[in-house]
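Below, each chain spelled out in residue letters.
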Amino acid sequence: MTRSSDDRSFRIGTGAFAALVLLIVAGIAFELTRQSTLSITKFGLKFWTTKVWDPVSGDFGALPFIWGTLYSSILALLVATPIALGIAIFISELSPRMLRQPLAYLTELLAAIPSIVYGLWGIFVLVPIVRKVEIAMGAKPALGVGMLAAALILAVMVIPFTSSVAREILKNVPTTQREAAYALGATRWEAIKVAIGFGRTGIIGAVMLGFGRALGETMAVTMVIGNSPQISASLFKPQYTMAAVIANEFTEAADELYLHALIEIGLLLFIITVGVNLLSRLLIWSTKRRAVTTVIAPVVAEVAA
Amino acid sequence: MITLVLEPEQKAAMPQVAVPMNDDTKISVRDFDFFYGTAKVLHGISLDIPARKVTALIGPSGCGKSTFIRSINRMNDIITDARGKGTILIDGKNVYGGDTDVVELRRRVGMVFQKSNPFPKSIYDNVAYGLRIGGLRNKRQLDDIIERSLTRAALWHEVKDRLHASALALSGGQQQRLCIARALAVDPEILQMDEPASALDPIATSKIEELIYELKDNYTIVIVTHNMQQAARVSDRTAFFMLGRVVEYAETNAIFMNPREKMTEDYVTGRFG
Amino acid sequence: MTANLRRRKIYSRIFETLCALAVIVALIPLAMILFYVIKEGFGALNLDFFTKMPKPVGESGGGMANAIAGTLILIGIAAAFAVPVGCLCGIHLSEYPGTKFSSVVRFAADVLNGVPSIVVGIFAYGILVLPVKRFSAIAGGVALGLLMIPIVVRTTEELLRLVPGGLREGALALGATRGRAVFSVIVPAALPGILTGILVALARVAGETAPLLFTAFNNRFWSTSLTQPIASLTVQVFTYAISPYDDWHRQAWAGAFLLVMMILTLSILARLAVRRLERMNRS
């Protein structure tokens, strides 16, 4: 074989596998749509605004799950974001040099714990604590499971993602910015604020990344949220999320319509999380020159160091 | 960067000079050493910097000039493992004294850096920064001070119609003048400039030099430069630094026309550096 | 000191303290989880756990031997699928970085990385379970493999790019074809890093539960068949955790302990690979 045809087959050969990745993503979108046509055609747009989820009568509406997913994720963000930013600031600006690596590692460890282990801990440790708190607060259904437990556990799971990206962003803020602030008589916190201001787009991206993570979380949530399709602003009532209902009812789905309804929920989850993730990637990339996923960054950073 | 390797006898023979000046000394330095970790980078610096004059620090790169001026406003405090030993007095008060407030010190000793570093905010917000953190909120007062600072930095006429445009849209020379305006806004007594024009083209450079000449009526200026012609043009006194020591410190004319030390003469005539 | 200055300094102190507090607050759940997993899990580990099958509902005793084997088989399948696909894709992206095609593929890998694991499970269900109307280990393994792919692609691409260009030029100058040069010189140079990426990806999917729920499903009996449903540590822990039986709860903790240990081991191996790479680079 000649040199150039060798090169060509190399290019095509590896290219085929690259194309496979492309096909997979397209395939996911396609398959999700294909497997939810029954539900799409039967319910149309009403699917997203109906509260009723009744497998027996074949009446399906996804609103409770959309509510539960958004509510739990936003609550989780409210709790997780200040903590994650605080950690990022502490590690990159305030902590003694010796502590940096260990603290960073411990934070990454939070991300390494599997969802099911969080769920297990959630059921047997967090929920009883939450129940005690609810009783003390005089809450009506003091079950322990419910939105509060779910939001708390989601918050813990989201913290390492937002924190490690925010830390990268802060690391990339040029020192001269902080120096300019100090030279003008700024206190330490004021100089930190300047750094945050410089990286604010990326930090918003980091927060969105956490949001995307929370939206798609399945096991830990389904083990502590109570799995009841009701829409309520109460933190104490059991509720339901998109991912949780799919996990719980997929294998129970007796008829095709039921299955298609569940898969249609999966389709929406797919669209929302992909959208949020892409937006976050865009925001992060515009501050940093490269888009790096939080899972890969530690590996590449260490290996490249 | 020229790395000078001296024989031990040459090092020992290097003069340690302090020129005692008595009229209006603003900054008085005595026997100041500086260490990065265990490495000693400044050796027994002693000199008096006069008020409302321009003092230039010249010498080859890496010989401690920047470290020195950063010690005066204690910017080196931010760097871990860096410490200074000795006395630096501003108006008779020890900069490293226990009752010196670093934040206040840095307001009094303004600094402009080699590469301009405006914040990614508007021109107005950049100049207002030091004032705002100092607690000034009154819009009219802010407007006044900002206009005055930008005028003093010879930038007002170029930006007065676009104060709320982004500072990053300005040219390099304009950004540097903005940084000067920003530093002036908090009303410092001393202005330190670390190679302020090294990243600029000749026209922008001459604008900065004119500016320095005008500013010295109101401010004590210390300027670090590796451009000897610039030092000769702009300064009243010049200190020649080498390997972390002050080799000679005198009136600028004396340094350039009639230097006392051979090393100074070699440097200013371009025999090295 | 003026009042304004004093106030600013107090604020600075307060916020700095809050940041330190944030670190402590985040470490509390970490400590709690590790504590409980070790306390409850380690205590429940015994020989039976590793050697016996699960007992029927309600009976105590038994173990998770099939689940342990199942998890190992599943991540084996996942790796068998994801490593070639991910590496070759990564190789293509690093060799032809500027093309439109590569940009689109890179984008797709990013998208895939953000897809929730349960959605990937639905996809695997649709293409591997539905057509044959049967849950299988393969379906589960492929679902996990799909989750691994973006990580492997990214790390392979990044690491190959870090290999000094001189190496490729040297190989090509000696008459090697592109393919030869890449596989015989460049990939070996980046191998420890690529392995690290694979280990990191494995650590991530070993702990996955959701996509397995309706692909590999579960299996009370010992099975190593690829075309039958298969037990896994994660699904087994889930099943036991939500059951009402204390004995099963104990075993769930034991399973969780084993999972955490497995993932920690993979992470440590990954770090060792990094260390080895650094040493190689230095010599």
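Structure: see above.
Fair warning: this is a prediction, and the values are worked out from it, not measured in the lab. (Residues numbered from 1 in each chain as written. Chains lettered and ligands numbered in written order. Predicted model: local features only at pLDDT ≥ 70, side-chain atom pairs only at ≥ 80, totals over all residues. Heavy atoms only, no water.)

Asks: Just checking my understanding: could you explain the interface of chain C and chain A for this structure?
Replies: By a widespread convention, an interface's size corresponds to the accessible area lost as its parts come together. Facing 95 residues of chain C, the contacting portion of chain A comprises 83 residues. Summed over both partners, the interface of chain C with chain A buries about 7,700 Å², with 81% contributed by carbon and sulfur atoms. Remark: the boundary between chain C and chain A carries three salt bridges. Between Arg281(A) and Asp110(C) there is a salt bridge, with the nearest N and O atoms lying 3.0 Å from each other. Counting only elements with at least two residues in the side of chain C that touches chain A, the list comes to α1 (3-44), α3 (65-95), α4 (100-114), α5 (117-129), α6 (137-162), α8 (178-206), α9 (233-241) and α10 (246-282) of chain C. Considering each element in turn, the side of chain C that touches chain A owes the most residues, 19 residues, to α1(C). Looking at the side of chain C that touches chain A residue by residue, the classes come out as 68 nonpolar, 17 polar and ten charged. (Contact = heavy atoms within 4.5 Å. Buried area = accessible area lost by both parts, 1.4 Å probe. Salt bridge = Lys/Arg side-chain N within 4 Å of Asp/Glu carboxyl O. Helix = DSSP H or I, 4+ residues; strand = E, 2+ residues; numbered from the N terminus. Nonpolar A, V, L, I, M, F, W, Y, C, P; charged D, E, K, R; others polar.)

Asks: Can you walk me through the pairing of strand β3 (residues 54-58) of chain B in this structure?
Replies: Looking along a regular strand, one sees side chains alternate from face to face of the sheet. Residues and elements named next belong to chain B. Across the five residues of β3, five count as buried, placing the element largely inside the fold. Side-chain alternation along β3 places Val-54, Ala-56 and Ile-58 on one buried face and Thr-55 and Leu-57 on a second face that is also buried. In the sheet, β3 pairs with strand β8 (residues 220-224) via four bridges, with the strands oriented parallel. Residue pairing across strands places Ala-56 opposite Ile-223, the latter belonging to β8. As paired strands, β3 and strand β9 (residues 237-242) are joined by four bridges and run parallel to one another. Counterpart to Thr-55 in the pairing with β9 is Arg-237. (Buried < 20%, exposed > 50% of the residue type's maximum accessible area, 1.4 Å probe, protein only. Pairing = 2+ DSSP bridges.)

Asks: I tried to follow the sheet that holds strand β4 (residues 82-90) of chain B on my own but got confused; where do I start?
Replies: Strand pairing in a sheet relies on backbone hydrogen bonds. The paired strands run either parallel or antiparallel. All names here are of chain B. Overall, antiparallel pairing links the four strands, which are arranged β2-β1-β4-β5 in an open sheet. In this open sheet, the two strands that pair with only one neighbour each are β2 (39-50) and β5 (93-94). Direction of pairing for β4 relative to β5: antiparallel, over a ladder of two bridges. In the strand pairing of β5, Leu-89 is matched with Asn-94. Lying over the sheet, helix α2 (residues 65-72) contacts β1 (25-36), β2 and β4, oriented at roughly 115 degrees with respect to β1. (Axes fitted to C-alpha atoms, helices over the stretch in contact; angles between N-to-C directions.)

Asks: Honestly, the packing of aromatic side chains in this entry has me stumped. Any pointers?
Replies: The geometry of an aromatic ring pair is captured by two quantities: the separation of the ring centres and the angle between the planes. Residues and elements named next belong to chain C. The final tally for this structure, using the stated rule, is 29 aromatic pairs over all chains. When the centroid spacing of 5.5 Å and the interplanar angle of 85 degrees are considered together, the rings of Phe-49 and Phe-50 count as edge-to-face. Using a relative accessible area of 39% as the deciding quantity, one classes Phe-50 as partly exposed. When the ring of Phe-135 is compared with that of Phe-217, the centres are 4.5 Å apart and the planes differ by 10 degrees; the resulting orientation is stacked. (Phe/Tyr/Trp six-rings, centres within 6.5 Å; stacked < 30°, edge-to-face > 60°.)

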